[in-house]
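# Observations on chain architecture
Here are the chains, one letter per residue:
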Amino acid sequence: VEDKLTPLFCQETQLAVEECKEAIETNNKSLFVVALARISDLLSRLDPSIYHPKLHDLKEAAQNLGAIAKSSGAGGGDCGIAFAFSDDMAKAIQNEWQQLEIETLYHDFWGEI
């Protein structure tokens, strides 16, 4: 993994993080989704083991319901995070995850973006 932490990887990640920040500050849902997906893809290319099969399920379930999800934490596929854009969407994601035997550790709702 260390050999893949190139200056280009760091630059691309920094750009995507800045886009996420801009999206939140300007309430731009589509930019947020694109930027977070880019971060997720960068992590996956860094090391495929970051996305354990259950984490792939978590991510895919969220995306199928119009949300965005990615790995979270130190890697190894042990934790993920999803961003839903309505309370109904969040509940649907939780229901889907429950069917996939993915445990929700925390849920919060800040309002629609």
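Before going into details, it helps to say that this report is about the structure given with it. (Residues numbered from 1 in each chain as written. Predicted model: local features only at pLDDT ≥ 70, side-chain atom pairs only at ≥ 80, totals over all residues. Heavy atoms only, no water.)

Turning our eyes to something else, we now look at the pattern of salt bridges. Under the defined criterion, the tally for this structure stands at five salt bridges. In this structure, the salt-bridge partner of Arg-38 is Glu-19, at a minimum N-O distance of 2.3 Å. One end of the pair, Arg-38, is in helix α2 (residues 29–46); the other, Glu-19, is in helix α1 (residues 7–26), with 19 residues separating them in the sequence. Overall, Arg-38 belongs to the partly exposed group, its relative accessible area being 30%. For Glu-19, a relative accessible area of 17% gives the class buried. Lys-21 is the salt-bridge partner of Glu-25, the closest N and O atoms lying 3.9 Å from each other. Residue Glu-25 and its partner Lys-21 are located together in helix α1, separated by four residues, close to a single helical turn. (Salt bridge = Lys/Arg side-chain N within 4 Å of Asp/Glu carboxyl O. Helix = DSSP H or I, 4+ residues; strand = E, 2+ residues; numbered from the N terminus. Buried < 20%, exposed > 50% of the residue type's maximum accessible area, 1.4 Å probe, protein only.)

Inspection of the entire model under this criterion finds two aromatic pairs. Each ring, one from Phe-32 and one from Phe-83, has its centre 5.1 Å from the other, and the planes form 85°; the classification is edge-to-face. Here the residue Phe-32 occupies a position in helix α2, and Phe-83 occupies one in strand β2 (residues 80–83), the gap between them amounting to 51 residues. For Phe-32, a relative accessible area of 5% gives the class buried. Arranged with centres 6.5 Å apart and planes meeting at 90°, the rings of Phe-32 and Phe-85 form a pair that is edge-to-face. Separated by 53 residues along the polypeptide, Phe-32 in helix α2 and Phe-85 in the loop between β2 and α4 (87–99) bring together distant segments of the chain. By relative accessible area, Phe-85 is classed as buried at 7%. (Phe/Tyr/Trp six-rings, centres within 6.5 Å; stacked < 30°, edge-to-face > 60°.)

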